[in-house]
Amino acid sequence: MPCVADWLNNPFSIVQGIFAQNVPNSDWEKKVTEYFKEKLKENNATNWVPSLNDVPVHYLKPNSLVKFRCMVQDMFDPEFYMGVYETVDSNTNARVLHFGKYRDVAECGPQQEIDLNSSQTVTLERQTFYCVPVPGESAWVKEISFFASQARVSPSTSYTPSRHKRSYEEDEDMDLHPSKQKEQHLGNSCYCGGDIHGCVEPKRLETEASAGHHLSSPNCSPPLDLNFPLPGEKGPACLVKVYESWDSFRVNDVLEVYGILSVDPVLSIVNNEERDSSTLDPMECMDTAEEQRVHSPPASLVPRIHVILAQKLKHINPLLPACLNEEESKTFVSNFMSELSPVRAELLGFLTHALLGDNLAAEYLILHLISTVYARRDVLPLGKFTVNLSGCPRNNIFTEHVYRIIQQLVPASYRLQMTIENMNHSRFIPHKDYTANRLVSGVLQLASNTSLVVDETQLEQGQLDTKGVHNVTALGNLITWQKVDYDFNYHQMEFPCNINVLITSESRSLLPSDCQVHLQPQIIPPNMEEYMNSLLTAVLPSVLNKFRIYLSLLRLLDYSISDEVTKAVEEDFVEMRKSDPESITADDLHRTLLVARFLSLSAGQTTLSRERWLRAKQLEALRKARLQQQKCVNGNEL
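Quick notes on the rules
In every chain, residue numbers begin from 1 and rise along the written sequence. Note on the predicted model: pLDDT of at least 70 is required for a residue's local features to be given, and 80 or more for side-chain atom pairs to be given and counted; whole-chain, interface and lining totals, by contrast, use all residues. Only heavy atoms go into the side-chain values, all of them from the structure, while hydrogens and water stay out. Any carboxyl oxygen of Asp or Glu within 4 Å of a side-chain nitrogen of Lys or Arg constitutes a salt bridge here. The numbering of helices and of strands both runs from the N terminus, where a helix is a DSSP run of H or I of at least 4 residues and a strand a run of E of at least 2. Three labels apply to residues, based on accessible area from a 1.4 Å probe with only protein chains included: buried if under 20% of the type maximum, exposed if over 50%, partly exposed otherwise in between. A pair of strands is treated as paired once DSSP finds two or more bridges between them. Only the contacting stretch of a helix is used when fitting its axis, a line to C-alpha atoms as for every element, and angles between N-to-C directions run 0 to 180 degrees. Should an angle fall under 35 degrees it is called roughly parallel, over 145 degrees roughly antiparallel, and 65 to 115 degrees roughly perpendicular, with every other angle called oblique. By definition, any crossing whose near helix is turned counterclockwise from its far helix by less than a right angle is left-handed, and any crossing with a clockwise turn is right-handed. Any two residues whose heavy atoms approach within 4.5 Å are treated as being in contact. Residue polarity is assigned by list, with Asp, Glu, Lys and Arg as charged and Ala, Val, Leu, Ile, Met, Phe, Trp, Tyr, Cys and Pro as nonpolar; anything else, Gly included, falls into the polar class. Definition of a polar contact: a pair of N or O atoms within 3.5 Å, with one able to donate and the other able to accept a hydrogen when the atoms are protein atoms, and with sequence-neighbouring residues admitted only if both atoms are side-chain atoms. In these notes, a set of buried Ala, Val, Leu, Ile, Met, Phe, Trp, Tyr and Cys residues joined through side-chain atoms within 4.5 Å is what counts as a nonpolar core. Each patch is built from residues lacking any salt bridge and having more than 30% relative accessible area; the joining distance is 9 Å for like charges and 5 Å for nonpolar side chains (Val, Leu, Ile, Met, Phe, Trp, Tyr). Here the accessible surface of atoms and residues is derived via Shrake-Rupley with a 1.4 Å probe, and residues count as covered only by protein chains that are part of the display. Note: pLDDT gives the predictor's confidence per residue, expressed from 0 to 100.

Asker: What am I meant to see in the pattern of salt bridges here?
Answerer: Two side chains bearing opposite charge may form a pair once their charged atoms approach each other closely. Under the criterion given, the structure shown has 32 salt bridges. Put simply, glutamate 575 and lysine 578 hold a salt bridge, and the shortest N to O gap is 3.8 Å. Pair noted here: glutamate 575 and lysine 578 are both in helix α15 (residues 563–579), with a separation of three residues, about one helical turn. One salt bridge in this structure joins arginine 591 and glutamate 620, with 3.0 Å as the shortest N-O distance. Taken together, the positions of arginine 591 in helix α16 (residues 586–602) and glutamate 620 in helix α17 (residues 610–634) put the pair 29 residues apart, joining distant regions of the chain. With respect to burial, arginine 591 and glutamate 620 carry one shared label: buried. Each of Asp588, Arg591, Glu620, Arg623 and Lys624 takes part in one network of salt bridges that share partners.

Structure (structure tokens):
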């Protein structure tokens, strides 16, 4: 039987064995998938697989099994490849069948040539996704994932021992001083295809992304744009080759893929002006130079992963089981739910301090953080709960620190500073570049369940230009309809999303929201920065982890309202309308039902009770009274 090192370090040996035993039976591909699926179920074997999220690609062995947690940023056109091909030995005329699946370059021995006219040749199709790390992924997610994987990395690691614990974010010094690693190399690989013969020693592979998304490549100029949606992002971009069920995946899906890493230097030939056309598919020559740069970047900068297994992720919180339906996961959920009440109380206290002693605002912030779009009725997204926290101090220190606290609680987030400069010059809406045949990313191309904090306290007087107006409109559409209209030049295409938007502002926001909560600070700290920093340092890591599990888990729970409670709510609403027909509207009912939903979930209850309904009405009454009070103080400001 193959040992661990075989299926991790040399998966091609496993594939070759299955292929050899089952050819010409077409079931061999299914058996390969089943083999690796079973292997990854054994004793947390997923932790043994090195992750491109944690380890720079130049420390990973080429053609080894790797995993990658990513978002599908773009989908390229399907490509054809030789699924099975036959080689002929030029000396003995011996014929051998090879598999082309999971490979970028056809492999053959020194005296072998590919018989392109063989009747045994099978041409197949695969899909290529351009994938990037999850935009705005929190540092704590990276750290926990990194250390969970490092605990069992020894069977499969190929990186230098002295660098055993270095991750992407810690690797900058070595990237800036590549001479320190001149003696490091990855080994040799022999390939032949067309006129390419002999062995190639891959050079050191650089993958660190700069703050500006660009990487220099020896074979292309200007620098390669890695097309990250958010500024300042780091990590690898990958071309993910998918062989099965690619129709089930969509742009912006978050995936975890397990596949074979391909970083063959031959792939960089496409980017060389003096490339040998005999090594390329004739159809590729029809592409523009810009399209070739984007679709066939150097593998040292954008590695390829040939997918064996891929799954959509409902969440990226490493503290939670990936799938909550399994028996072990149910036990985890049950145990956590039993201690939910004290966790909620602690989180409420923590957020109350963060919001300067405002308990009501902290209640609504919890409800906001566990909200999610659970269904769509026609065009209306149900479950969205955008909160406008007005009354925020006009200095970016408060909002910046509130965002830092949210960053510590949720798996992915982004703070959008709503300045005239940003509105007029930032790229919010993804658009199609037909010259390069790719989707150019924008700030609003985010994964589901990302927390977007819009800082409106930064807004000053000024003029929005055409781009600024389009950006503000796009932001408003995201909040109202939970969709972004991507620009395809000749038409727009709707991409539904599920983004939690929190707007901080001095007075009522210019943007739409589902609920406005006016901040009433009970504490005015003399030093805001010191006060906020002390909050984070005071909370224990174990408690912080409980907060993180609490917020992620409650978003995944099902919820229902019984017929009996529905009838009671309807009767209650009729009575409310009778007593105050002017101010009670259908919108009020919808919002109160949302508050009741998230209040119930926040207490671990998956159905609405009379008690939670009354509590929701009470919270709404307090919130409205506060807004009315502020309106009386400031005239018609609200």
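Having put the structure on the table, let's press on.
Asker: Looking at this model, I keep getting lost on the pairing of strand β22 (residues 500–504). Mind explaining?
Answerer: Every other side chain in a regular strand lies on the same face of the sheet, so the side chains alternate between the two faces. Along β22, five of the five residues are buried, which leaves the element largely enclosed by surrounding structure. Burial of the side chains of β22 extends over both faces: Asn500, Leu502 and Thr504 are buried on one face and Val501 and Ile503 on the other. The pairing of strand β15 (residues 387–390) with β22 spans three bridges and is parallel. Bridge assignment links leucine 389 to a residue of β22, and that residue is threonine 504. In the sheet, strand β19 (residues 451–455) pairs with β22 via five bridges, with the strands oriented parallel. Across the sheet, valine 453 pairs through a bridge with leucine 502, a residue of β22.

Asker: So what exactly am I meant to see when it comes to the packing of helix α8 (residues 340–354) against helix α13 (residues 528–538) here?
Answerer: Geometry of a packed helix pair, given as the angle between the helix axes and the separation of the axes. At a minimum axis distance of 10 Å, the contact between α8 and α13 shows a crossing angle of 165°. The angle between the axes of α8 and α13 places the two elements in the roughly antiparallel class. In this structure, α8 crosses over α13, and the sense of that crossing is left-handed. Residues Phe350, His353 and Ala354 of α8 pack against Tyr531, Met532, Leu535 and Leu536 of α13. Considering only residue class, the contact of α8 with α13 consists of six nonpolar, one polar and no charged.

Asker: What am I meant to see in the packing of helix α2 (residues 11–22) against helix α3 (residues 28–41) here?
Answerer: One can describe the packing of α2 onto α3 by two numbers: an axis separation of 9 Å at closest approach and a directional angle of 140°. One element, α2, and the other, α3, form an angle in the oblique class. Between α2 and α3 lies a crossing of right-handed hand. Only Trp28, Lys31, Val32, Tyr35 and Phe36 of α3 make contact with α2, whose side of the interface consists of Pro11, Ile14, Val15, Ile18, Phe19 and Asn22. Considering only residue class, the contact of α2 with α3 consists of nine nonpolar, one polar and one charged.

Asker: Looking at this structure, I do not really get the side chain of aspartate 115. What am I missing?
Answerer: Residue position: aspartate 115 is located in the loop between β4 (112–114) and β5 (122–132). A distance of 3.0 Å separates a polar side-chain atom of aspartate 115 from the backbone nitrogen of asparagine 117.

Asker: I keep staring at the nonpolar core and nothing clicks. Help me out?
Answerer: Within soluble globular proteins, side chains that are nonpolar tend to cluster in buried spots. Ranked by internal contacts, the top residues of the largest apolar core, which has 68 residues, are Phe350 and Leu409. Ignoring any residue separated from it by four or fewer positions in sequence, one finds phenylalanine 350 in contact with Ile405, Leu409, Leu535, Leu536, Val539 and Phe547. Listed in part, the 27 residues of the second largest apolar core include Leu230, Tyr414, Leu452 and Ala474.

Asker: For this particular structure, what's the right way to read a nonpolar patch on the surface?
Answerer: Where nonpolar side chains cluster on the molecular surface, the patch consists of Val379, Leu380 and Trp481 and spans about 270 Å² of accessible area. Within the secondary structure layout, tryptophan 481 lies in helix α12 (residues 466–481).

Asker: Explain the confidence of the model for the protein chain here, please?
Answerer: Caution is warranted with low-pLDDT regions, since their predicted coordinates should not be read in detail. Summarising the model, the protein chain shows a mean pLDDT of 84, and 84% of its residues fall at 70 or more. Of all secondary-structure elements in the protein chain, the lowest mean pLDDT belongs to strand β7 (residues 199–200), at 34, while helix α9 (residues 359–369) reaches the highest, 98. Taken as a whole, residues 151–212 scores under 50 in pLDDT and shows 134 contacts with residues more than four places along the chain or in a different chain. Taken as a whole, residues 273–280 scores under 50 in pLDDT and shows ten contacts with residues more than four places along the chain or in a different chain.

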